[in-house]
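The chain contents come next:
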Amino acid sequence: MDKSYNHEQFEEKIYKLWEKSKAFMPQERKSSSGKQEKKPFTVIMPPPNANDDLHIGHARFVAIEDILVRYHRMKGEPTLWLPGADHAGIETQYVFEKKLAKEGKSRFDYDQDTLYKMIWAHVMKYKGNMENQLRALGASCDWSRNKFTLDPNITKIVHNTFKKLYDDGLVYRGERIINYCPRCGTAFSQLEVKHVEQDDEFYYLNYGSITIATTRPETIFADVAIAVNPKDTRYQKLIGKSAILPLVNRELPIIADTLVDPEFGTGALKVTPGHDATDFEIGQKHNLPRIAVIDESGKMINTPKKYIGMRTKKAREVVVNDLKEAGKMKKIEKIHHTIGVCYRDQSLIEPMLSKQWFIKVESLSKKAFAAIKKGQVKFAAKRYEKIAKHWLKNLYDWNVSRQIVWGIRIPAYRCQKCLEWTITDGKTPDKCISCSHTKLIQDTDTFDTWFSSGQWPFATLQTGKAGDFERFYPTSVMETAYDILPFWVIRMIMLGIYVAGDVPFKDVLIHGLVRDKEGQKISKSKGNVIDPIEMTKKYGADALRMAVVWGALIENDMSLSEDNVRGQRNFANKIWNIARFVLANPSGKRTKRNEDDNEVIKDLRKTSKRVTRLMEKYRLSEAAEEIYDFIWKRFANDYLEKTKNRREEAQKTLELVLQESLKLLHPFMPFVTEAIWQTGKERFDSPILITASWPKG
RNA sequence: GGUCGUGUAGCUCAGUUGGCUAGAGCGCCGCAUUCACAUUGCGGAGGCCACAGGUUCGAGUCCUGUCACGACCACCA
């Protein structure tokens, strides 16, 4: 054995050894007495986006899940960790469009089919890359069951689910105010809109009999009424009268609605149902028309001629100027308020009218809520249960259509004669369901990525090997980051219950983010990124894995610095050198244990017991520290030193303690422990560590 | 405005039904070198556990309030 552990020399070889041993696949381990196999332990990997390298956050989830999986595998449970990749609709298209822009091209230079194929090629490259990075981190997942969200049999399931929802009356196509990003050219769901605070101008405009205040004067042409609060004494006598829209002198009715806040602005609201969600609601109640003055590219329409075609920002300037000239601008104030921006590119979200496919969520979310309440889904950290429940109670109907090509095309076909829609399970229909006309055209929209990934646990198992779904569903634990709890976790519960008839997982383990050593969020713009692959190359996968679970509870954010990784590399070297010491001597024959031997074995058992208990409670950082402390302090610094003048006598005990230490540490640091095991395997109780038996407490 | 959460050594964090003489890693200081490992060993400094009240034989741990910070949500045009 070398003087220090050289990870580069072992990692690839050992990964291949594991794969060859088939340990990554769930093993049938019927006991000799013919009893049933142990209950399987199943984890569906949150599929990383197939559009980029893994980042440090991925390294943390890989470490956490792999630790759990390896632990349960060693306990002899048939263990399945099912890997996959996500096509990540909007994110991937966004990345790809940036790449096109660099070449001076845009998505509008290609037809839908060509663009789709180009993105496909791009994604396939990154998908393979990403999978190799998972291997480099030591992920012991079953590659024979690897899945991609755009696999034909997965999209088939997604189509079926949509059809089922439609047949059950849970899908409708509705004109609603949607969150539209003109730059991305697509609508977003409620969850994909970020709110940021900013200062803006607040314009007070003269509408004849009444003054209104607005931040968006360019939308006045879409006004259809003025609303005041019915209790507002200032305006009560104006209700039923009319106001005059400046610049175009259109008459607007003054109506009363309780949604108007009398404290805000002048207490009078310009009702613009075409470009504001609240106004839309008011408009519906009062049966008002809807006018759109901004189109999908963010340009003005349906306005006086001079504004048509202007971008909204420019239009605002010109309108403000015209209002001033017309003497209709009473005053301008500053206002600090919150606006919606695209979570992807931070550009302003335009609320606008659009026809989209919606899913009625109420019946689904109620069942999901009940499942959590009944404990069918348990959250390892209670505070996330609260958040999940909060979300399930506050969901709007889910807009699942996106105006992008990169995704699963919605199986909705529109009749060219009667304009009715025919929904199928993916097949092109022969004829329209309402008029039997035979010319139909498919909707060009694709599904929200979360609609397909919300079906991931049952979709992956139903399209896997025969019997997988029956054997592994519901899965044991869903481990994922808190920032996608509302996007993903609650949708999986909703759709899992609805389609597969049972919750998708029994436990939810939410992990926190990895931050830099000052506790700052990691981002490319801050320049504080920690590249997991670079760390792996420099210090070894074991060191990185240990570092990303070390020092903070799984559910909390953690700070990581290179020093932490280096420290764990030192620990890997420590166990290597312990082994070097122990394995240097020939295996002892019969030996007499003295008090030191007995004590260390007793402590080993205590440690094993504690570690096991901590693992069951997902307290991985404490388990890691327990093992670290035992191996470094108790075993190396204390016991091992005491054996130096009685090597032969203590040899058997040294080997036993080493063997059990390697087992305890293996889930955390799989490579170095297996490397040692293979070096001295004739002295240990299994030919390969990955499937050796977990120490008894 | 609402919800969730956080404030413990220089830094990053543990401290799970109240018993702590408050811990770990990193950092810092001193000493040790042909011993499995300097990717090391031994020793050490460093904390009114945010603040103020309360419950209790006993509170870092429970309750109330205050202050500070963070995340998320919301129809304030």
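Please refer to the structure placed before this passage.
For every chain, the first residue of its written sequence is number 1, and the numbers climb from 1 along that sequence. A letter from A marks each chain and a number from 1 marks each ligand, given out in the order of writing. Local features in a predicted model are, by the rule used here, given only for residues with pLDDT of at least 70; side-chain atom pairs are given and counted only at 80 or more, and totals for whole chains, interfaces and linings are based on all residues. Here the side-chain values reflect all heavy atoms present in the structure, with hydrogen atoms and water set aside.

Caption draft 1: A look at the protein's contact with RNA strand B. Around RNA strand B, the surrounding shell holds 44 residues, and the nearest of these are Gly 551, Asn 556, Asn 577, Arg 619 and Trp 632. Throughout this document, a residue counts as near a molecule or strand when at least one of its heavy atoms sits within 4 Å of that molecule or strand. Of what RNA strand B places within 4 Å of the protein, 66% of the atoms are sugar or phosphate. Residue Asn 573 places a side-chain N or O atom 3.1 Å away from a sugar or linking oxygen belonging to RNA strand B. Here a sugar or linking oxygen of RNA strand B and a side-chain polar atom of Arg 580 are 2.8 Å apart. At the level of elements, strand 13 (329-342), helix 9 (382-393), helix 16 (562-584) and helix 18 (620-642) are the ones that each hand at least two residues to the surface near RNA strand B. Starting at the N terminus, helices and strands are each numbered in turn, a helix being any DSSP run of H or I of at least four residues and a strand any DSSP run of E of at least two. Counting residues per element, the surface near RNA strand B draws most heavily on helix 16, at 9 residues. Only Asp, Glu, Lys and Arg are considered charged in this grouping, and only Ala, Val, Leu, Ile, Met, Phe, Trp, Tyr, Cys and Pro are considered nonpolar; every other residue, Gly among them, is considered polar. Its residues placed into classes, the surface near RNA strand B shows 16 nonpolar, 13 polar and 15 charged. Here a polar contact means two N or O atoms within 3.5 Å. Within protein one must be a hydrogen donor candidate and the other an acceptor candidate, and residues neighboring in sequence count only if both atoms are side-chain atoms.

Caption draft 2: Representation of the packing of helix 8 (residues 362-373) against helix 9 in the model. Note on definitions: angles span 0 to 180 degrees between N-to-C directions of axes, and those axes are lines fitted to C-alpha atoms, for helices only across the stretch in contact. Viewed as axis vectors pointing N to C, helix 8 and helix 9 meet at an angle of 155 degrees, and their least axial separation amounts to 9 Å. Classified by the interaxial angle, the pair formed by helix 8 and helix 9 is roughly antiparallel. Helix 9 is crossed by helix 8, and the crossing has left-handed handedness. Contacts between helix 8 and helix 9 involve Ser 365, Ala 368, Phe 369, Ile 372 and Lys 373 on the former and, on the latter, Glu 385, Ala 388, Lys 389, Leu 392 and Lys 393. Angular relationships are summarised with four words: roughly parallel below 35 degrees, roughly antiparallel beyond 145, roughly perpendicular across 65 to 115, and oblique for the angles in between. Handedness of a helix crossing follows the sense of rotation of the near helix relative to the far helix, less than a right angle counterclockwise being left-handed and clockwise being right-handed. The contact rule is simple, with two residues in contact once any of their heavy atoms fall within 4.5 Å.

Caption draft 3: Highlighting the packing of helix 1 (residues 7-20) against helix 20 (residues 670-679). It is at 10 Å that the axes of helix 1 and helix 20 come closest, and there the two elements cross at 80 degrees. The orientation of helix 1 relative to helix 20 falls into the category roughly perpendicular. Facing helix 1, whose interface residues are Phe 10, Glu 11, Ile 14, Tyr 15, Leu 17 and Trp 18, helix 20 presents Pro 670, Phe 671, Glu 674, Ala 675 and Gln 678.

Caption draft 4: Region of interest: the sheet that holds strand 8 (residues 211-214). Here a strand pair is declared whenever DSSP counts at least two bridges between the two strands. On the basis of which strands lie adjacent, the open sheet formed by 3 strands has the order 8-7-13 and antiparallel pairing. Pairing within the sheet leaves two strands with one partner each, and these edge strands are strand 8 and strand 13. Across the sheet, the axes of successive neighbouring strands diverge by a mean angle of 25 degrees, strand direction being ignored. Across 4 bridges, the pairing between strand 7 (residues 193-206) and strand 8 is antiparallel. Bridged to Asn 206 within strand 8 is Thr 211. Helix 7 (residues 312-325) contacts strand 7 and strand 13 of the sheet and is inclined by roughly 165 degrees relative to strand 13.

Caption draft 5: Region of interest: the pattern of salt bridges. Just to be clear on terms, a salt bridge is a Lys or Arg side-chain nitrogen sitting within 4 Å of an Asp or Glu carboxyl oxygen. Applying the stated criterion to the full structure yields 46 salt bridges. A salt bridge links Glu 77 to Lys 75; the shortest N-O distance between them is 3.6 Å. Buried means the residue's accessible area, taken with a 1.4 Å probe over protein chains only, is under 20% of the maximum for its type, while exposed means over 50%, and partly exposed covers the values in between. Given the relative accessible area of 14%, Glu 77 is considered buried. Taking the relative accessible area as the measure of exposure, Lys 75 reaches 24% and is therefore partly exposed. Linking Lys 663 and Asp 685 is a salt bridge whose minimum nitrogen-to-oxygen distance equals 2.8 Å. Of the two residues, Lys 663 is situated in helix 19 (residues 647-665) and Asp 685 in the segment after helix 20; the sequence distance between them amounts to 22 residues. The class for Lys 663 is buried, based on a relative accessible area of 2%.

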